[in-house]
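Inside the fold
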Amino acid sequence: MLPQKFIDNMTYLYGPDETERFIACLDKPMYHCLRVNTLKISPEEFLELTPFHLEPVPWCPNAFYYDDDVNPAKHPYYYAGLYYLQEPSATLPAATLPIDPGDRVLDLCAAPGGKSTELGARQRGEGILVSNDISASRAKALLKNIELFGIGNSLITTENGNKLLGTFEGYFDKILIDAPCSGEGMFRKSRSMITAWENNGVDYFADLQKTIIRDAVRMLRPGGSILYSTCTYNHYEDEMAVEFILSQDESLSLCRIEERDGFVPGIPSAVQPADPELVKTMHLFPHRVKGEGHFVSLMKSGGNAGECMSVSSSADDGKNLLSYKNCITSDYMIRNRLKDEATLDFLGHISRRFDLSRFEVDRDKVYYIPDGMPDTSGLRVMRRGLLFGEIKKNRFEPSQALAMNLKCSEYDNVTDLAADDIRVIKYLKGETIEADSTDGFTLVSVDGYPLGFAKAKDGTLKNKYLPGWRMM
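So, here is what we can say about the structure in this document. (Residues numbered from 1 in each chain as written. Predicted model: local features only at pLDDT ≥ 70, side-chain atom pairs only at ≥ 80, totals over all residues. Heavy atoms only, no water.)

**Considering empty space enclosed by the protein**
Where empty space is left in the structure can be found by rolling a water-sized probe over the atoms. According to the stated counting rule, one finds 1 cavity of 30 Å³ or more in the structure shown. Roughly 30 Å³ of volume is contained in the largest cavity. In terms of lining, the largest cavity is formed by Tyr78, Tyr79, Lys144, Leu148, Tyr465 and Trp469. Going through the elements one at a time, α4 (76–79) and α7 (136–148) are the ones with two or more residues in the lining of the largest cavity. Looking at the lining of the largest cavity, its residues break down into 5 nonpolar, no polar and 1 charged. (1 Å grid on protein atoms, 1.4 Å probe; cavity = no way out; pocket = protein on both sides within 12 Å on 5 of 7 lines; lining within 4 Å. Points joined across faces, edges and corners; volume = space filled by probe spheres on them. Helix = DSSP H or I, 4+ residues; strand = E, 2+ residues; numbered from the N terminus. Nonpolar A, V, L, I, M, F, W, Y, C, P; charged D, E, K, R; others polar.)

Okay, here's the thing in C-alpha cells:
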C-alpha cells in the first residue's frame, strides 16, 4: 500500500489519471538490462559475441534489455568485465553527461559503480576519474566494479564532499551527482523502500542533497558540466534541487536533455516562482518507459575553461613513454621506481607504453598513477591508480586489476579458452587447470578477453584468480 502523502503529491504534480497508471504498473514485472563495457568491446562486437537475446535501451546506446529467463551474472563474459548489470533507467545519467578522454571527472555518490564504470569507459583511460562514496563498506563493491571494468585512471575515496573540496576546489571538468534520495523509484523493486519512505519522508533527503550540492558546485571548473539525478519522483528532491544548484553559481545554466518517447519534461510550476527552464530536465516513470524511473538534469558553467590548467595527457616526446621491453635494465627504474628485479622482469612481458615517472611503490605494492594526480594526503583513499601487483620477497605477483586492464594483444603469454570450455568455469572457481602454455605467468582469457592470471609449469596452470571474485 502506497503512502497517501506520496499519492497526493503525485496527483498534485501529474494529475489523477497519470497517478492511477503509475500505481497500476507497480504490480507488473521489472525490466532488466546489461550495459556493454565500451572500454573492452563495442556494442556491435558484443551483439555478435553474446548468446543472449537483447533489445536496445532507447536512451543509452550501449545498454540492452535481456530476457528474465537468463542469468548474465553467471556467464564468463560477466567475469571478463564485458558488461555491467543495471536497472535500465539508471543508465540515463552517465549516458547524458558528456565525457571526453582527458576529462577530470567526479562521481560524488558512486557506489556500487554503475555510473562510474560508464564514465571511466568513456574516458578511454585518459584523465582522472574520482569515484567517491562516504560509505567504506559500499565502496568495496565500487572498487571491484572499477577493477572488473579495467579502469586504471581512477581514484576511489570514502569522504564527505566538504573534505574533498579541500583538495579539489575548482578541479573537475564533469561532475555527476546521483544523489541519495527517498527512493520512490525503488518501490516496485523493494517494498521495504515504502516503509523507509514513510520513516524518513523527503525532507531528510532534500536537506542532505543540499549539503552535497554546496560542495559539488565549488569543485566544478569554469566551463564544466554538472549532472544531477535521483531515482525519485517528487519535486522537493528533483526540480527544487535543480533550482538550488543554479542558485549556488550564477554562471550555471540548464542544458536541454533530449526528449524521447515516454519521457516527461520537468514541471516549471514545481518551484515558486515558476521557472520555464525546468522543462529542459527530464523524468522517467515506470508506466511510461521500460524501467523503474529516474530524474535527470544537466547544467553547464558559463566560465572560461581556458583559464584553467590543461587536463590533456602528457605529450609523447619519445623520452618518457617507453616500452618496458626497451628499458628493462634501466638504472633509473631499478634505483628509483620499482626497486625489484623480478618486477622489472615481469613488466618486460608487456608491450604497452608507460610513463615511467608515474609508478609508485607503497609497502611492496606497485601502482601506476593517473597523469596529473594531485596530492591526496589527508583523504581516505581506497585505491589510487591501477594496482599492478605486489613484490613478495624475490618474486612479483601481478594483480587481478592488471589482468582486467590489459588486452590480450599487450601480453606475450596468453591462454585463450572458448566460453563453452569447461576449463573456464574451473578457472573462475579457483581450480588448477591444464593447458598448453609457456612456463611463467600466463594471462587466462575467454574468447580473447582477459579473466586473470595463472602460473604455468609444464602444462599445469596454478590458479591466481582473485579469491574474492571467484564463481560460487
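Here the narrative resumes, following the displayed structure.
**Considering unusual backbone geometry**
Of note, the bond from Ala111 into Pro112 is cis; its omega dihedral lies within 30 degrees of zero at 5°. Of note, Pro112 is situated in the loop between β5 (104–107) and α6 (114–123).

**So, the pattern of salt bridges**
It is possible for side chains of opposite charge to pair when their charged atoms get near one another. Using the criterion set out here, one finds 21 salt bridges in the structure. Residues Asp103 and Lys174 are paired through a salt bridge, measuring 2.8 Å at the closest nitrogen-oxygen approach. With a gap of 71 residues between them, Asp103 in the loop between α5 (92–96) and β5 and Lys174 in strand β8 (residues 172–178) connect regions that are remote in the sequence. Overall, the relative accessible area of 9% leaves Lys174 in the buried class. (Salt bridge = Lys/Arg side-chain N within 4 Å of Asp/Glu carboxyl O. Buried < 20%, exposed > 50% of the residue type's maximum accessible area, 1.4 Å probe, protein only.)

**Things to note about the state of the cysteines**
Simply put, disulfide is the name for a covalent bond between the sulfur atoms of two cysteines. Applying the stated criterion to the full structure yields 0 disulfides. With no disulfide of its own, Cys181 lies 3.5 Å from the sulfur of Cys231, the closest cysteine sulfur. In this structure Cys181 comes out as buried when scored by relative accessible area, which is 11%. (Disulfide = S-S within 2.5 Å.)

**Section: the sheet that holds strand β1 (residues 33–36)**
Taken in spatial order, the 4 strands make up an open sheet running β2-β3-β1-β4, and their pairing is antiparallel. Two strands close off the open sheet at either side, each with one partner strand: β2 (54–56) and β4 (83–86). Averaged over all neighbouring strand pairs, the angle between strand axes comes to 35°, with direction disregarded. Judged from the 3 bridges that link them, β2 and strand β3 (residues 63–66) form a sheet pairing that is antiparallel. Pairing of Glu55 across the sheet is with Tyr65, part of β3. (Pairing = 2+ DSSP bridges. Axes fitted to C-alpha atoms, helices over the stretch in contact; angles between N-to-C directions.)

**Quick word on the sheet that holds strand β17 (residues 365–368)**
Strand pairing in a sheet is mediated by backbone hydrogen bonds. Such pairs are either parallel or antiparallel. If you walk across this open sheet you meet the 4 strands as β16-β17-β19-β20, and the pairing is antiparallel. Across the chains shown, the open sheet's two edge strands, defined by having one partner strand only, are β16 (359–362) and β20 (395–398). Here the average twist between neighbouring strands, direction ignored, is 25°. Summarising the sheet, β17 and strand β19 (residues 386–392) pair through 4 bridges and their orientation is antiparallel. The residue bridging Lys365 from the neighbouring strand is Glu390, located in β19.

**What to know about the layout of surface pockets**
Taken as a whole, the largest pocket spans an internal volume of roughly 1100 Å³. Taken together, the elements giving at least two residues each to the lining of the largest pocket come down to β4, α6, α8 (161–168) and α10 (203–218). No other element matches the 4 residues that α10 contributes to the lining of the largest pocket. For the lining of the largest pocket, the residue count by class is 21 nonpolar, 15 polar and 10 charged. Quantified by volume, the second largest pocket comes out at close to 780 Å³. Lining the second largest pocket we find 32 residues, and of these Arg124, Gly125, Glu126, Arg352 and Asn405 sit closest to its centre.

**Description of the nonpolar core**
Ile177 and Tyr228 are the most contacted members of the largest nonpolar core, which has 38 residues in total. Sorting the residues of this core by element identifies β6 (128–132), α8, β8, α10, β9 (220–230), α11 (239–248), β10 (252–255) and β13 (294–301) as the ones contributing at least two each. Among the elements that take part in this core, α11 stands out by supplying 5 residues, more than any other. Beyond its immediate stretch of four places on either side in the chain, Ile177 contacts Leu108, Cys109, Ile212, Ala216, Ile226, Leu227, Tyr228 and Ser229. If you look at the next biggest cluster of nonpolar residues, it comprises 33 residues, including Leu39, Ala111, Leu143 and Leu284. (Core = buried A, V, L, I, M, F, W, Y, C linked by side-chain atoms within 4.5 Å. Contact = heavy atoms within 4.5 Å.)

**A short note on helix α1 (residues 4–14)**
Among all positions of α1, only Phe6, Ile7, Asn9, Met10, Leu13 and Tyr14 are buried. For α1, the buried positions fall inside an angular range of 165° around the axis, keeping them on one side. Opposite the buried face of α1, at more than 90 degrees from it, the exposed residues are Lys5 and Tyr12. Taken together, the buried residues of α1 touch α2 (16–25), α9 (192–200), β11 (264–265) and β12 (282–284). (Arc of directions from axis to C-beta.)

**Quick word on the side chain of Glu292**
When you line up the elements, Glu292 lands in the loop between β12 and β13. Relative accessible area serves as the criterion here: at 3%, Glu292 is assigned to the buried category. There is a polar contact of 2.7 Å between the side chain of Glu292 and the side chain of Arg188. Glu292 has contacts with Met30, Tyr31, Glu87, Ser89, Gly185, Arg188, Lys189, Tyr233 and Pro286, leaving out every residue within four places of it along the chain. (Polar contact = N/O pair within 3.5 Å; in protein donor to acceptor, adjacent residues only side chain to side chain.)

Coordinates in, geometry out; function isn't part of it.
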